[in-house]
Amino acid sequence: EALIAFSKDEGMTPELRGQALELASASRAALADQMYEAGEKEAAIGMFREAITNAPSPASDRLFAEILIRIPGSLLLKSEGKAAVDAARDLEPHAAGKVDRLLALVTFHTSIENGTDAVRLSEAASLIEPPAAAAFRALALAHRLNFDIEAAETAQRKALEIEPGSVDIKRELADLLRANGKSKDAIPLYQSIIEADENSAQARAGLAMALYETGER
């Protein structure tokens, strides 16, 4: 609390104020862990959320990566699922307009199979210019969580347009095509991967399945 009071000093420069708030945020997160271990669970959850909501917005890359983004996962490991999701949503203002931060939140939501939030945040990331293949890959995975294979295929195709040389994106698209009943369209994708790397076990397995599914063995 002393750091918060310090940050409100009228003579404080914006840079020092931001540093004070970041230190306060990190301190709250550490204190919340200690409180939780001591059995003060509700108070600890509140303190975790304060660490996020009272951090300077947007948080610095270091604060976001080293402290804030770890809070939802930490709560999840403590079997506090609802609090973990709430914390992830509290982090969204700190991720607005930043592909890497949005995708970090998407990773959390996909890990708990929360397709709704994963789609919403992936879509936000996919709208940021210049378009990032990673955003569309994440969107494809999020749509798969929601069993929307058509939308997943569309997103994966966009990712491949952005990075046509990516073997992983190409293989993921081939797998999606098979899942969507389009094994014939998947065959040339698997073949192109194998042409570049004849030892690709995943592509070889996918090709074998696609050939079997189309009767072209």
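As a reminder, the structure under discussion sits directly above these lines.
In this text the structure is predicted, and so the values were computed from the model without any measurement. All chains use their own residue numbering, which begins from 1 and follows the written sequence. Per-residue local features of the predicted model are confined to residues with pLDDT of at least 70, and side-chain atom pairs are confined, for both listing and counting, to 80 or more; whole-chain, interface and lining totals are unaffected and use all residues. To get the side-chain values, all heavy atoms of the structure are used, and hydrogens and water are removed first.

J.: Got a sec to walk through the packing of helix α8 (residues 99-111) against helix α10 (residues 133-145)? Specific residues and values, please.
T.: Axis definition: a line fitted to C-alpha atoms, over the contacting stretch in the case of helices. Angles run 0 to 180 degrees between N-to-C directions. Secondary structure elements follow DSSP: runs of H or I of four or more residues count as helices, runs of E of two or more count as strands, with numbering from the N terminus. Packing of α8 against α10 brings their axes to within 11 Å, and their N-to-C directions diverge by 20 degrees. Taken as axis vectors, α8 and α10 run roughly parallel relative to one another. Crossing angle aside, the handedness with which α8 passes α10 is left-handed. Contact with α8, carried on its side by L103, V106 and T110, involves A134, A135, A138, L141 and L145 of α10 and no other residues of that element. Classifying every residue of the contact of α8 with α10 by side-chain character gives seven nonpolar, one polar and no charged. Here roughly perpendicular refers to angles of 65 to 115 degrees, roughly parallel to angles under 35, roughly antiparallel to angles over 145, and oblique to all remaining angles. With the far helix as reference, a near helix turned anticlockwise by less than a right angle produces a left-handed crossing, and one turned clockwise produces a right-handed crossing. Two residues form a contact once any of their heavy atoms are found within 4.5 Å. Residues are grouped as follows: Ala, Val, Leu, Ile, Met, Phe, Trp, Tyr, Cys and Pro are nonpolar; Asp, Glu, Lys and Arg are charged; every other residue, Gly included, is polar.

J.: Would you mind going over the side chain of E92 in detail, with residue names and values included?
T.: Checked against the element boundaries, E92 lands in helix α7 (residues 92-95). Residue classification places E92 among the buried positions, given a relative accessible area of 18%. When a residue's accessible area, from a 1.4 Å probe over protein chains only, is under 20% of the maximum for its type it is buried; when over 50% it is exposed; and in between it is partly exposed.

J.: Summarise the packing of aromatic side chains; cite the residues concerned and give the values.
T.: Any two of the Phe, Tyr and Trp rings considered here, Trp counted by its six-membered ring, make a pair once their centres fall within 6.5 Å; the pair's planes then place it as stacked at under 30 degrees, edge-to-face at over 60, or tilted in between. Applying the stated rule across the entire model yields zero aromatic pairs. Positioned above the aromatic ring of Y36 is the side chain of K78, whose terminal nitrogen or guanidinium carbon lies 5.5 Å from the ring centre. Two conditions define a charge located above a ring, namely a distance within 6 Å from the ring centre to NZ of Lys or CZ of Arg, and an angle within 35 degrees of the ring normal.

J.: Please set out the nonpolar core residue by residue, giving values where relevant.
T.: Generally speaking, soluble globular proteins have nonpolar side chains that are buried together. Definition of nonpolar core: a set of buried residues of the types Ala, Val, Leu, Ile, Met, Phe, Trp, Tyr and Cys, connected through side-chain atoms within 4.5 Å. Counting residues in each nonpolar core, the largest one holds 62 residues, and the members touching the most others are L68, I71, L75 and Y190. By residue number, the principal contributor to this core is α10, which donates seven residues. Filtering out sequence-adjacent residues up to four positions away, L68 remains in contact with S25, A51, I52, A55, A59, L63, L91 and H94.

J.: Go over the environment of D90, please, and point to the residues and values.
T.: Note on placement: D90 falls in helix α6 (residues 81-90). By relative accessible area, which is 17% here, D90 ends up buried. In this structure, the C-alpha to C-alpha distance between D90 and T107, residues 17 residues apart in sequence, is 15 Å.

J.: A description of the packing of helix α3 (residues 41-53) against α6 should follow, citing residues and the corresponding values.
T.: The geometry of α3 relative to α6 is characterised by a closest axis approach of 9 Å and an angle of 10 degrees between their N-to-C directions. By the angle between their directions, the pair α3 and α6 is classed as roughly parallel. For α3 against α6, the interelement crossing comes out right-handed. Together, I45, R49, I52 and T53 of α3 and A83, D86, A87 and D90 of α6 make up the contact between the two elements. Of the residues contributing to the contact of α3 with α6, the split by class is four nonpolar, one polar and three charged.

J.: Tell me about the environment of S74, and name the residues and values.
T.: Here S74 is to be found in helix α5 (residues 70-77). For S74 and Q156, which are 82 residues apart along the polypeptide, the C-alpha to C-alpha distance reads 31 Å. Among all residues touching S74, those that are not within four sequence positions of it are D33 and F48.

J.: Could you give an account of the environment of R204, with specific residues and numbers?
T.: Looking at the secondary structure, you find R204 in helix α14 (residues 201-214). On the basis of relative accessible area, R204 is assigned to the partly exposed category, the value being 44%. Leaving out residues up to four positions away in the same chain, R204 has contacts with I194 and E198.

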